[in-house]
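Geometric and topological summary
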Amino acid sequence: MPLAGPPLSGPADTDTGPDSDPGPDHGPGRRAGRHGVPELRMAAPTSQMAPAGPRESVRARSAKRFIVGIAAIAALGGALFGYDTGVISGALPFMERHFGLTSLGEGIITSALLIGAAFGSLIGGRMADALGRRNSLLWAGSVFIGGALAVALSPSVPFMTVARFVLGLAVGSASVITPLYLSEIAPPHIRGRLVSFNSLMIVSGQLLAYLINAVLAQWAAWRWMLGLAALPAVALFAGLFFLPDTPRWYISKGRPNEAGRVLHRTLPAEDVPAELARIDQARALEADARRGAWQQLRTPWVRRLLLVGIGLAAVQQITGVNAVVYFAPKILASTGLGTGASITATIAIGAISVLATAVGMSLIDRVGRRPMLLAGLAGMAVSLALLGAAFRLPHSTAVSALVLGLMVLYMAFMQATLNTGVWLLLAEMFPLKVRGLAMGAAVFMMWMVNFGVALAFPLLLDAVGAGTTFWFFGVMCVLSLVFCKRYAPETKGLALEDLEHELRRAATKAAPGKESPSGSADSIPGGSSNGRPGGGPNGRPGGSPGRS
């Protein structure tokens, strides 16, 4: 699965607050926003400073409650996403016995949610624009509740398959809408952290699923494993009734008064008019940009960049991460470990995923995207080569422990580097006019490859065995390493507007009016040893949706 959603950002994305890094341009004034729009550099809201009196204290408490509510949405939305994708690993061994599942049946039930998520991700953005971010999340929450209960009470495999497909629609739409809602409604000074928090909660939701699976496995209570997802879904659904929609959506629907009321909950009153004007201006520019998206795809360098993005999305999935996420107990059981022990052992995989994601998020802006991708893929390839060899050893408790340790090592490399790096690159690398279209195409590809891996993995285990299957994934890592070394851009320290200029210049510098050969190392910044990215203010990506 796409384990960590893209740090999508609303039009207020480039605002800074008291927690921002200081730089030469720090302080009141104006600077270029994400699309070159002059925007107000706001000082820290007085409601977040030391209160000057009882009135300010009341305002500060109200703002704090509002922020806590937003953080709860981030936690619940991300955790639900992670729980529903991770819980199947513990339920499958018992469902196999209950329904008499074949390997094909296991693959179909597992992958049904993923094909639903692929289409859910396509409709999520459109639904959020038409119905509103909050109402769309309410819809997703209701589907989470109904889908979780339907899956838990499924009387047959066909019913289970349809129920998981419907649940997948909620998973996919929430993967788009939740970061969008958070990025547009959160105060500027916590926006980046809150969207990143949502990503961390996805892997935390998977860890929670593994823990619950381990507790309920002793009673073979697989229906409870699946059905407990309804509880956080109810909390998400109920909590949304106490929160408004986002200022950006209200303005897009001609409701500035409601947008102003939302902004008054997090900003000083004197800053609200300027923020309303800035959001309206940015929204108009984005609408104009979207109208030219299809025409831009006729440009060769833009088309090539889209293909690189789709390739990166495929790389994230074809290297086998979700074979481990969905089928870890089955993999461990093939070494002779018992069902209960196999399910309990997966807790280690969930724990390392959370830790490695946090480490990756802290390193990505210091190390760079390309170095992390290349180092991670190399580590993953070595881990998978050793993992495949471990399955050639005679079954024993020591071999089971070795296999688990190598799976944990593989997941550490994956979550800290490839997962973090790919999402951030996809959020940063596309030109403004095709950003939404290209991002949607890449995420759809990610879900579809995820679907293919989940469907094929049990069949591969039966056909060629676990050792050969993991060697195949190791070969995919090597091929992915070659692809990323040749084509993946480096966006660290490069503002989106500067990156777009560099991409256009590199693609056309071979000769006047002539494009450089497709796929050449020059075609993308960072694709050759002498490609040096430029730097934005303070050496950070300026105006980036993935900006931290």
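These remarks concern the structure in this document. Note that the coordinates shown come from a computational prediction; the quantities given were computed from them, not determined experimentally. (Residues numbered from 1 in each chain as written. Predicted model: local features only at pLDDT ≥ 70, side-chain atom pairs only at ≥ 80, totals over all residues. Heavy atoms only, no water.)

Turning our attention to the overall build of the protein chain. Counting its secondary structure elements, the protein chain contains 19 helices and 2 strands. Residues counted as buried form 57% of the 548 residues belonging to the protein chain. Across the protein chain, contacts joining residues at least 24 apart in sequence account for 82% of those joining residues at least 6 apart. When the accessible surface of the protein chain is totalled, it reaches about 20,800 Å², and 67% of it is carbon and sulfur. (Helix = DSSP H or I, 4+ residues; strand = E, 2+ residues; numbered from the N terminus. Buried < 20%, exposed > 50% of the residue type's maximum accessible area, 1.4 Å probe, protein only. Contact = heavy atoms within 4.5 Å. Areas by Shrake-Rupley, 256 points an atom, 1.4 Å probe, with all protein chains shown as cover.)

Three- or four-residue spacings in an α-helix give side chains the same orientation, since the helix completes a turn every 3.6 residues. Its 29 residues place the ends of helix H15 (residues 339-367) 41 Å apart at the C-alpha level, agreeing with the 42 Å of an ideal helix rising 1.5 Å per residue. Where H15 bends most, the angle comes to about 30°, and this point is Met 361. Positive backbone phi, approximately 110°, marks Gly 368, located one or two places after H15. (Expected span 1.5 Å × (residues − 1). Bend = angle between axes of the 7 residues up to and from the residue.)

With that settled, the discussion passes to the packing of helix H16 (residues 369-390) against helix H18 (residues 435-487). Running from N to C, H16 and H18 point in directions that differ by 160°, and their axes come no closer than 8 Å. For the element pair H16 / H18, the angle class is roughly antiparallel. The two elements H16 and H18 cross, and the hand of that crossing is left-handed. Residues Arg 370, Leu 373, Leu 374, Leu 377, Met 380, Ala 381, Leu 384, Ala 385, Leu 387, Gly 388 and Ala 389 of H16 form the contact with H18, whose own contacting residues are Gly 467, Phe 470, Trp 471, Phe 473, Gly 474, Cys 477, Val 478, Ser 480, Leu 481, Cys 484 and Lys 485. (Axes fitted to C-alpha atoms, helices over the stretch in contact; angles between N-to-C directions. Parallel < 35°, antiparallel > 145°, perpendicular 65-115°, else oblique. Left-handed = near helix turned anticlockwise from the far one by under 90°.)

Our next topic: the nonpolar core. In this structure, Met 95, Trp 222, Leu 226, Leu 312, Met 407, Leu 426 and Phe 470 are the most contacted members of the largest nonpolar core, which totals 135 residues. The element best represented in this core is H18, accounting for 16 residues. Apart from residues lying up to four places away in sequence, Met 95 is in contact with Ile 88, Gly 100, Leu 101, Ile 109, Met 160, Trp 222 and Leu 226. (Core = buried A, V, L, I, M, F, W, Y, C linked by side-chain atoms within 4.5 Å.)

Right, let's get into the environment of Thr 110. Summarising the element assignment, Thr 110 is placed in helix H3 (residues 103-131). Residues Thr 110 and Leu 455 lie 345 residues apart in sequence; the distance between their C-alpha atoms is 7.1 Å. Apart from the residues lying within four places of it in its own chain, the contact partners of Thr 110 are Ile 88, Leu 92, Arg 164, Tyr 326, Phe 327 and Ala 454.

As a further point, take the packing of aromatic side chains. Inspection of every chain in the model, using the stated rule, returns 13 aromatic pairs. With 5.9 Å between their ring centres and 70° between their planes, Phe 119 and Phe 444 make a pair best called edge-to-face. Remark: Phe 444 occurs in helix H18 and Phe 119 occurs in helix H3; sequence separation between them is 325 residues. Take Phe 444: its relative accessible area is 24%, and that puts it in the partly exposed class. (Phe/Tyr/Trp six-rings, centres within 6.5 Å; stacked < 30°, edge-to-face > 60°.)

The next point concerns unusual backbone geometry. One non-glycine residue, Ala 220, lies in the positive phi region at around 55°. Structurally, the position occupied by Ala 220 is in the loop between helix H6 (191-216) and helix H7 (222-227). When its relative accessible area of 36% is taken as the criterion, Ala 220 is described as partly exposed.

Okay, the pattern of salt bridges next. The tally for this structure, following the rule as stated, stands at 7 salt bridges. Linking Glu 184 and Arg 133 is a salt bridge whose minimum nitrogen-to-oxygen distance equals 2.8 Å. Of the two residues, Glu 184 sits in helix H5 (residues 157-185) while Arg 133 sits in helix H4 (residues 133-152), which places them 51 residues apart along the sequence. What makes Glu 184 buried here is its relative accessible area of 7%. Each of Asp 129, Arg 133, Glu 184 and Arg 248 takes part in a single network of salt bridges with overlapping partners. (Salt bridge = Lys/Arg side-chain N within 4 Å of Asp/Glu carboxyl O.)

This part covers H5. Counted at 1.5 Å a residue, the expected span for H5 with its 29 residues is 42 Å, and the 41 Å between its end C-alpha atoms agrees. When the local axis directions of H5 are compared, the greatest deviation, roughly 35°, occurs at Ala 174. Among the 29 residues in H5, 23 count as buried, and that is most of the element.

The next point concerns the side chain of Thr 110. On the accessibility criterion, Thr 110 (1% relative accessible area) is buried. Among the polar contacts made by the side chain of Thr 110, one reaches the main-chain carbonyl oxygen of Glu 106 at a distance of 2.8 Å. (Polar contact = N/O pair within 3.5 Å; in protein donor to acceptor, adjacent residues only side chain to side chain.)

A cluster of nonpolar side chains, Phe 119, Leu 122, Ile 123, Val 162, Phe 165 and Val 166, forms an exposed patch at the surface whose accessible area comes to about 480 Å². For the nonpolar patch, the secondary structure elements donating two or more residues are H3 and H5. Secondary-structure assignment places Phe 165 in helix H5. (Patch = residues over 30% accessible without salt bridge, like charges linked within 9 Å, V, L, I, M, F, W, Y side chains within 5 Å.)

So, on to the packing of helix H2 (residues 88-99) against H3. Interhelical geometry of H2 versus H3 gives an angle of 145° and a closest axis separation of 11 Å. Taken as a pair, H2 and H3 cross one another with a handedness that is right-handed. Between H2 and H3, the contacting residues are Ile 88, Leu 92, Met 95 and Glu 96 on the first element and Glu 106, Ile 109 and Thr 110 on the second. Looking at the contact of H2 with H3 residue by residue, the classes come out as 4 nonpolar, 1 polar and 2 charged. (Nonpolar A, V, L, I, M, F, W, Y, C, P; charged D, E, K, R; others polar.)

We now examine the environment of Gly 132. Here Gly 132 is to be found in the loop between H3 and H4. Residue classification places Gly 132 among the buried residues on the basis of a relative accessible area of 0%. Sequence spacing of Gly 132 and Ser 252 is 120 residues, and the spatial spacing of their C-alpha atoms is 9.9 Å. The contact partners of Gly 132, leaving out residues within four places of it in the chain, are Met 127, Asp 245 and Trp 249.

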